[in-house]
Amino acid sequence: MSRSPVRVATLTLSDTRTLDDDEGGQLLGELLKNAGFTVASHDVVREEPELLRAAIDRIASAGTADAIVTTGGTGIAPRDRTVEALAPLFEKTLDGFGEAFRRLSWDAIGPNAILSRAAAGVVRGLVVIALPGSPKAVELAVARLIGPVLAHAVALASGKGGHHHHGHAQHTKDGTQDKEQRG
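Structural notes on helix H1 (residues 23–34)
Two residues of an α-helix separated by three or four positions point the same way, owing to the 3.6 residues in each turn.
(1) Moving on: Relative to the 16 Å expected for 12 residues at 1.5 Å per residue, H1 spans 16 Å between its end C-alpha atoms, a close match to the ideal helical length.
(2) Moving on: Residues Gly 24, Gly 25, Leu 27, Leu 28, Gly 29 and Leu 32 constitute the buried set of H1.
(3) Moving on: Buried-residue contacts for H1 involve strand S1 (7–13), strand S2 (38–45), strand S3 (67–71), strand S6 (126–131) and helix H5 (135–158).
(4) Moving on: Phi turns positive, to about 100°, at Gly 36, one or two residues after H1.

Written out as structure tokens, the structure reads:
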């Protein structure tokens with residue numbers, strides 16, 4: 001069974017970049033395409049929490065994406081407010097994403113990895129991932145985390161896949177499986 005590629009909307013969070021000079025967003029799009037995803041849309045959003053929340057709402061309402069990946073605004077500088085903007089929207093948090101990202105970053109950059117607040121969660125059935133703005137961080141995240149896991153995460157978050165075995169098999173008391181009887 002062939003599934004259509006996961007549709008990803010990307011957002012660059014920046015007070016200074018425009019679509020014309022958004023190298024980080026362009027890199028993110030190329031890496032996602034190379035990993036087999038479809039880039040459904042891309043935009044640059046100023047680092048204002050209400051603007052990011054409005055962009056997420058617009059994408060979710062349009063139904064044109066299965067996931068949203070942002071780049072920028074995940075550090076600890078005063079203007080870095082991506083995590084604070086997203087946190088109230090998350091219906092579920094994917095704590096393991098940030099933990100794994102920082103673990104992998106540690107190998108690449110050492111103790112400065114703790115300064116990243118990369119995060120992920122589910123908003124209205126969409127997987128939302130917030131990455132740092134650094135090109136190396138984006139490359140690491142797409143290659144080692146997003147590429148291998150996003151399709152499965154989208155299937156689970158949307159309710160279209162996963163490990164809810166409705167009608168597939170029943171487990172007996174000894175742990176073996178019996179095929180469900182159909183009459």
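Topic: the confidence of the model for the protein
(1) Moving on: In this model, the protein carries an average pLDDT of 89, and 86% of its residues clear a pLDDT of 70 or more.
(2) Moving on: Confidence over residues 164–183 falls short of pLDDT 50; this stretch has 13 contacts with residues more than four positions distant or in other chains.

Description of the packing of helix H4 (residues 95–109) against H5
(1) Moving on: Where H4 contacts H5, the two axes come as close as 10 Å, and the packing angle between them is 120°. With respect to H5, the element H4 is oriented oblique. As for the relative orientation of H4 and H5, their crossing is right-handed in sense. Along the contact surface, H4 presents Phe 97, Ala 100, Phe 101, Leu 104 and Ser 105, while H5 presents Ala 137, Leu 140, Ala 141, Arg 144, Leu 145 and Ile 146.
(2) Moving on: For the contact of H4 with H5, the residue count by class is nine nonpolar, one polar and one charged.

What counts and how
- Residues numbered from 1 in each chain as written.
- Predicted model: local features only at pLDDT ≥ 70, side-chain atom pairs only at ≥ 80, totals over all residues.
- Heavy atoms only, no water.
- Helix = DSSP H or I, 4+ residues; strand = E, 2+ residues; numbered from the N terminus.
- Expected span 1.5 Å × (residues − 1).
- Buried < 20%, exposed > 50% of the residue type's maximum accessible area, 1.4 Å probe, protein only.
- Contact = heavy atoms within 4.5 Å.
- pLDDT = per-residue confidence, 0-100.
- Axes fitted to C-alpha atoms, helices over the stretch in contact; angles between N-to-C directions.
- Parallel < 35°, antiparallel > 145°, perpendicular 65-115°, else oblique.
- Left-handed = near helix turned anticlockwise from the far one by under 90°.
- Nonpolar A, V, L, I, M, F, W, Y, C, P; charged D, E, K, R; others polar.

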